[in-house]
Amino acid sequence: MAPADHHQRTAFPIMLSAAGRRVGLMRILHDSLAAMGLTGHVLATDIVADSPAMQLASKSVIVPPYRDPQCLDFLLKLCRDEGVRLIVPTIDPELAFYARHADAFGEAGCKINISHPDTIAIGGDKQMTNDWLRSHAFPTVGQAPLAYALAGNVDFDFPMVVKPRFGSASVGVRIAKSRQQLQACAGETDLLVQSIAAGNEYTTDVFVDTTGRCRCAVPRRRLEIRGGEVSKAMTVRNASVASLARRVAETLPGAYGVMNIQIFHDSKTGELAVIEINPRYGGGHPLAHEAGATMTRWLLEDILQVPSTARDDGWRDNWVMLRYDEAVYVDRQTAGIG
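To start, this report covers the structure provided alongside it.

Here we look at the pattern of salt bridges
Between side chains of opposite charge, a pair can form when the charged atoms approach closely.
Thought 1: All chains considered together, the criterion is met by 16 salt bridges.
Thought 2: One salt bridge connects arginine 222 with glutamate 201, and the closest N-O pair in it is separated by 2.9 Å. A residue pair is termed long-range when its members are at least 10 positions apart, and arginine 222 in strand S11 (residues 214-226) and glutamate 201 in strand S10 (residues 200-208) qualify at 21 residues. Here the two residues arginine 222 and glutamate 201 agree in accessibility, since each one is buried.
Thought 3: A single network of salt bridges, built from pairs that share partners, joins Arg21, Arg226 and Asp325.

Right, here's the structure in full:
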């Protein structure tokens, strides 16, 4: 094989979209490329420059917001110019954009860690999530629009979880312990109320290949949350949680790649409840990777159509993540601050 041909076969630039604070994920992408003997940089993109991943990436580009009419053409040109082979979206609001335009990026030679638009719609709308889970007989929490709860038309009692129907990253989520506290939410729109699930909460990372098969499920018990994102967590070989996550992932319409499913499990009663479906990498995914579930490598293998090393029994149980803050220091111009 000529050197130029070898380079063409091994070059695999990756774009990390809405890179923000996802430095850990960026490092996982680099590590996975190296583990497979692939070359290529991780290109960080965002709408602003003043984020850690944008400063620490080997290359970064400021892009238009996904709602901008010029965004698609800009990103397609960027992917062609950079030879991007994979896009990894990181935030909920952009998922529908990438799912809608997956074919256009595919024509540009670029795969996306993205599921079918129907699964993106289910994950992005908490009412639709609850309805879909119930329609497929998956265990979940009681849920209703805020107005129903205020009218007394729910079959669960206080305390209740109040959350935005289209929210993400726990923004706007609160606990109402009384009717007075619930009434205080009445001025806000698109709010839902949920019964509180019993037991421990697990964010379960799953990898689904192109055939729709869930190749691995890693429950991460959430030990501490800060700013809507997990700061302390532990892998747990909880067979009940993992089995439920696999069944959900394989039932979703066109689920693909690395995603996560949030499940409560009460060890005393055995009760399970799915509360959210997130068709993207979770903020705490580095824990699953460090525990040995190298899902990003499996994703690359799937895209390249090479023999898969995916396995469901190779990750480390009771492996704990304790996150901490690091700082990036740059001058004002580099950070793009006016």
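Comments concerning unusual backbone geometry
Thought 1: For the bond from phenylalanine 158 to proline 159, the omega torsion is 0°, close enough to zero to count as cis.
Thought 2: Locating proline 159 in the fold gives a position in the loop between helix H9 (146-150) and strand S7 (160-164).
Thought 3: Phi is positive for alanine 18, which is not a glycine, with a value near 50°.
Thought 4: Topologically, alanine 18 is positioned in the loop between strand S1 (14-16) and helix H2 (23-35).
Thought 5: Phi at asparagine 318 is positive, roughly 60°, even though this residue is not glycine.
Thought 6: Relative to the helices and strands, asparagine 318 is located in the loop between helix H13 (295-304) and strand S15 (320-322).
Thought 7: Assessed through its relative accessible area of 46%, asparagine 318 is described here as partly exposed.

Some words on a nonpolar patch on the surface
Thought 1: On the surface, a cluster of nonpolar side chains totalling about 210 Å² of accessible area is made up of Leu56, Val328 and Val330.
Thought 2: Given a relative accessible area of 34%, valine 328 falls into the partly exposed group.

Here we look at the environment of methionine 259
Thought 1: When you line up the elements, methionine 259 lands in strand S13 (residues 257-265).
Thought 2: Given the relative accessible area of 0%, methionine 259 is considered buried.
Thought 3: Taking the C-alpha atoms as reference points, methionine 259 and valine 208, 51 residues apart in sequence, are found 8.1 Å from one another.

Overview of the packing of aromatic side chains
Thought 1: Scanning all chains against the criterion turns up five aromatic pairs.
Thought 2: Three or more aromatic residues joined by ring pairs form one cluster here, namely Tyr66, Phe97, Tyr98 and Phe105.
Thought 3: Over the aromatic face of tyrosine 256 sits the side chain of lysine 111, whose NZ or CZ is 4.8 Å from the ring centroid.
Thought 4: Directly above the ring of tryptophan 315 sits arginine 237, whose terminal nitrogen or CZ lies 3.9 Å from the centroid.

Examining the state of the cysteines
Thought 1: Under the definition given, this model contains zero disulfides.
Thought 2: In this model cysteine 110 remains outside any disulfide bridge; the closest cysteine sulfur is found in cysteine 79, 4.3 Å from its own.

Description of the sheet that holds strand S9 (residues 191-195)
Thought 1: Taken in spatial order, the four strands of this open sheet run S6-S9-S7-S8, and their pairing is antiparallel. A single partner strand is all that each edge strand has here, and the edge strands are strand S6 (143-145) and strand S8 (174-176). Each neighbouring strand pair of the sheet contributes to a mean axis angle of 30°, computed without reference to strand direction.
Thought 2: Of the strands in this sheet, S6, S7 and S9 touch helix H8 (residues 126-135), which is tilted by about 140° from S6.

Describing the environment of aspartate 50
Thought 1: For aspartate 50, the position within the fold is in the loop between strand S2 (42-46) and helix H3 (52-56).
Thought 2: Taking relative accessible area as the criterion, aspartate 50 reaches 46% and is therefore assigned partly exposed.
Thought 3: Taking C-alpha positions, aspartate 50 is 7.3 Å from isoleucine 337, a pair spaced 287 residues apart along the chain.
Thought 4: Excluding residues that lie within four positions of it along the chain, aspartate 50 makes contacts with Ala335 and Ile337.

Calculation notes
Residues numbered from 1 in each chain as written. Predicted model: local features only at pLDDT ≥ 70, side-chain atom pairs only at ≥ 80, totals over all residues. Heavy atoms only, no water. Salt bridge = Lys/Arg side-chain N within 4 Å of Asp/Glu carboxyl O. Helix = DSSP H or I, 4+ residues; strand = E, 2+ residues; numbered from the N terminus. Buried < 20%, exposed > 50% of the residue type's maximum accessible area, 1.4 Å probe, protein only. Patch = residues over 30% accessible without salt bridge, like charges linked within 9 Å, V, L, I, M, F, W, Y side chains within 5 Å. Areas by Shrake-Rupley, 256 points an atom, 1.4 Å probe, with all protein chains shown as cover. Phe/Tyr/Trp six-rings, centres within 6.5 Å; stacked < 30°, edge-to-face > 60°. Lys NZ or Arg CZ within 6 Å of the ring centre and 35° of its normal. Disulfide = S-S within 2.5 Å. Pairing = 2+ DSSP bridges. Axes fitted to C-alpha atoms, helices over the stretch in contact; angles between N-to-C directions. Contact = heavy atoms within 4.5 Å.

These values are about where atoms sit, not about what they do.
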